[in-house]
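A structural walkthrough
The lines below spell out each chain.
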Amino acid sequence: MVRSRKGPLPIPWWEVKREMPPATDKLHTADMAWWAKARFGMFIHWGLYAIPGGVWKGKRVPGGGEWIMNTARISDKRYAQLAKQFNPVNFNADQWVKIAKDAGMKYLVITTKHHDGFCMFDTKATNYNVVAGTPWHTDPMALLSKACRKRGIRFGAYYSIMDWHSPDQVGADPAAHNYNPAHMKKGRNRNYLRFLKRQISELIRQYHTNLIFFDGEWMHGWNRADARALYFHIRRMAPAVILNARIGFGYGDYLTPEQNIPARGLPGSWETNMTLNNTWGYASWDHDWKSSAMLIQHLIHCASGGGNFLLNVGPTDQGMIPQPEAERLMEVGKWLKVNGQAIYGSDRSPFKTALPFGYATQKPGKVFLEVIRWPKSHTLAVPMTNRIAQAYLLANPRIKLKTTSGSSGQLVHLPAQAPDPAASVVVLKIKGAVKSTEAQAP
Ligand code: GLC
């Protein structure tokens, strides 16, 4: 699962599969309005895998920390013993939600059950859960969802359909503790679906869940009928809840490119999810942090393509969001305090081609130019014919920028220094929709 984060990546096959045309018998009832405005959310991968933290028998285990059960070939029985050690005494739900809030994030999506099958919520469907099965005896989802409501953050649940602990599923090579991809055992779809429905109902009823992020739908034996049954079960129960397209077979409300941002965005609703280093679940040895400037630019890139950015943290087994993660999130939050107008509630770029200086977003009557590469000429060429009524920097709205008309559009004259090395936002006030000059370009 380790993928380079240098340069744009081709969309891998499982994403292509996920981009199949949507199922035609969908009910379009999800409340997408808040989500489309939100633009920035916190992903949290937290489970038993935080205990080994990417190390097994003294050796580093490559790849995502949350995959350690599979990658280090740990038997289910041995892995399950980790539950007896899970006691995150430093966990503070309000602190996590405050970090999300201060980062400028509007929603949170946390692993309620990852591929390992261990449930991080209070469930009556299995004892393999954080309340019944750990010395902690605490339901972190109840605390997080409460803290989210207090701070005006929407609560979302990640849930893996593939389940390496489920009696209904079997791994690819059980003798070798190779779980991926799991297969549904013969004749067990109905049973597993019953379990799924029960757990998803619990998640919706117990935690005011606004969104469910499914995953692991690539397991063998998960079929269209199952996806459809699960989809309509949720729709009947909670019509407004948003579902990602990893439910499979074209069901769901939005696409989830992973670790990559499609250059010009995707049509419809989409969200890139990304790690701060190279792992989702905590790995003690992974210090390969993205810089805050890079994160800010990724967020802008998503917004300019009409998408959201779901940025992951991997808390420790003690319940702490690692300091380097929190620090970077605070930097993004600082940037958003000044420049949030260009991101929240914005629409995708009005321009079809990439802009040499960075990105664009828009709102009625306004174009926002997010300048990543401050031009040496101190002039921005904007490929549109609209007259600019006013131009200014979000970092200093009182100082108006000079604008002139050029041969291929409008020119905005900038000060010598960029106000922010990560990205500086120029606002252009215009009348009506953007009239781009790009169509005439050779
Ligand atoms: C993948 C991985 C998983 C991670 C997820 C995030 O499907 O299997 O570990 O949770 O992507 O999108």
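1. Details of the domain arrangement of the protein chain
Taken domain by domain, the protein chain holds domain 1 (13–339) and domain 2 (358–440). Inter-centroid distance (C-alpha atoms) of domain 1 to domain 2 is 38 Å. Counting residues at the interface gives ten residues for domain 1 and eleven residues for domain 2. Between domain 1 and domain 2 the total buried area reaches about 880 Å² when both faces are included, carbon and sulfur atoms providing 69% of it. The tally of links from domain 1 across to domain 2 stands at zero salt bridges. Where domain 1 packs against domain 2, one counts three residue pairs in polar contact (both at pLDDT 80 or more). Of all elements in the fold, only helix 10 (292–304) and helix 11 (323–339) reach the threshold of two or more residues within the side of domain 1 that touches domain 2. Among the elements that line the side of domain 1 that touches domain 2, the one with the most residues is helix 10, at seven residues. Taken together, the residues of the side of domain 1 that touches domain 2 sort by class into six nonpolar, four polar and no charged.

2. Thoughts on helix 10
Taking 1.5 Å of rise per residue, 13 residues should cover 18 Å, and helix 10 covers 18 Å from first to last C-alpha, within 8% of that figure. Within helix 10, ten of the 13 residues are buried, which leaves the element mostly enclosed by the surrounding structure. For helix 10, the secondary structure elements touched by its buried residues are strand 1 (40–44), strand 10 (271–275), strand 11 (308–313), helix 11, strand 12 (358–363) and strand 13 (366–371). Once helix 10 finishes, Gly 306 follows within two positions and takes phi at roughly 80°, a positive value.

3. Let's talk about the sheet that holds strand 14 (residues 379–382)
With antiparallel pairing, the three strands of this open sheet are ordered in space as 14-18-17. Both outer strands of the open sheet, strand 14 and strand 17 (402–406), are each paired with one neighbouring strand and no more. Shown here is a sheet whose adjacent strand axes are inclined to one another by a mean of 25°, direction ignored.

4. Looking at the site of the ligand
Taken together, 13 residues form the shell around the ligand, and within it His 45, Glu 66, His 114, His 115 and Asn 273 come nearest. Between Trp 67 and the ligand, the recorded distance is 2.9 Å, taken from a side-chain N or O atom to an oxygen atom. Within the contact set of the ligand, an oxygen atom lies 2.7 Å away from a side-chain nitrogen or oxygen of Asn 273. Within the complex, the protein chains bury 99% of what would otherwise be the 310 Å² of accessible surface of the ligand. Of the residues belonging to the shell around the ligand, the class tally is five nonpolar, four polar and four charged.

5. Comments concerning the packing of helix 8 (residues 189–207) against helix 9 (residues 224–237)
Running from amino to carboxyl end, helix 8 crosses helix 9 at an angle of 25°, the nearest separation of the two axes being 10 Å. Taken together, the axes of helix 8 and helix 9 are roughly parallel relative to one another. Read as a crossing pair, helix 8 and helix 9 show a hand that is right-handed. Packed against helix 8, whose contacting residues are Asn 189, Leu 193, Leu 196, Lys 197, Ile 200, Ser 201, Ile 204 and Arg 205, the element helix 9 presents Asp 226, Ala 229, Leu 230, His 233, Ile 234 and Met 237 at the interface. Looking at side-chain class alone, the contact of helix 8 with helix 9 contains eight nonpolar, three polar and three charged residues.

About the thresholds
Residues numbered from 1 in each chain as written. Predicted model: local features only at pLDDT ≥ 70, side-chain atom pairs only at ≥ 80, totals over all residues. Heavy atoms only, no water. Domains from an automatic or database assignment. Contact = heavy atoms within 4.5 Å. Buried area = accessible area lost by both parts, 1.4 Å probe. Salt bridge = Lys/Arg side-chain N within 4 Å of Asp/Glu carboxyl O. Polar contact = N/O pair within 3.5 Å; in protein donor to acceptor, adjacent residues only side chain to side chain. Helix = DSSP H or I, 4+ residues; strand = E, 2+ residues; numbered from the N terminus. Nonpolar A, V, L, I, M, F, W, Y, C, P; charged D, E, K, R; others polar. Expected span 1.5 Å × (residues − 1). Buried < 20%, exposed > 50% of the residue type's maximum accessible area, 1.4 Å probe, protein only. Pairing = 2+ DSSP bridges. Axes fitted to C-alpha atoms, helices over the stretch in contact; angles between N-to-C directions. Near = heavy atom within 4 Å. Areas by Shrake-Rupley, 256 points an atom, 1.4 Å probe, with all protein chains shown as cover. Parallel < 35°, antiparallel > 145°, perpendicular 65-115°, else oblique. Left-handed = near helix turned anticlockwise from the far one by under 90°.

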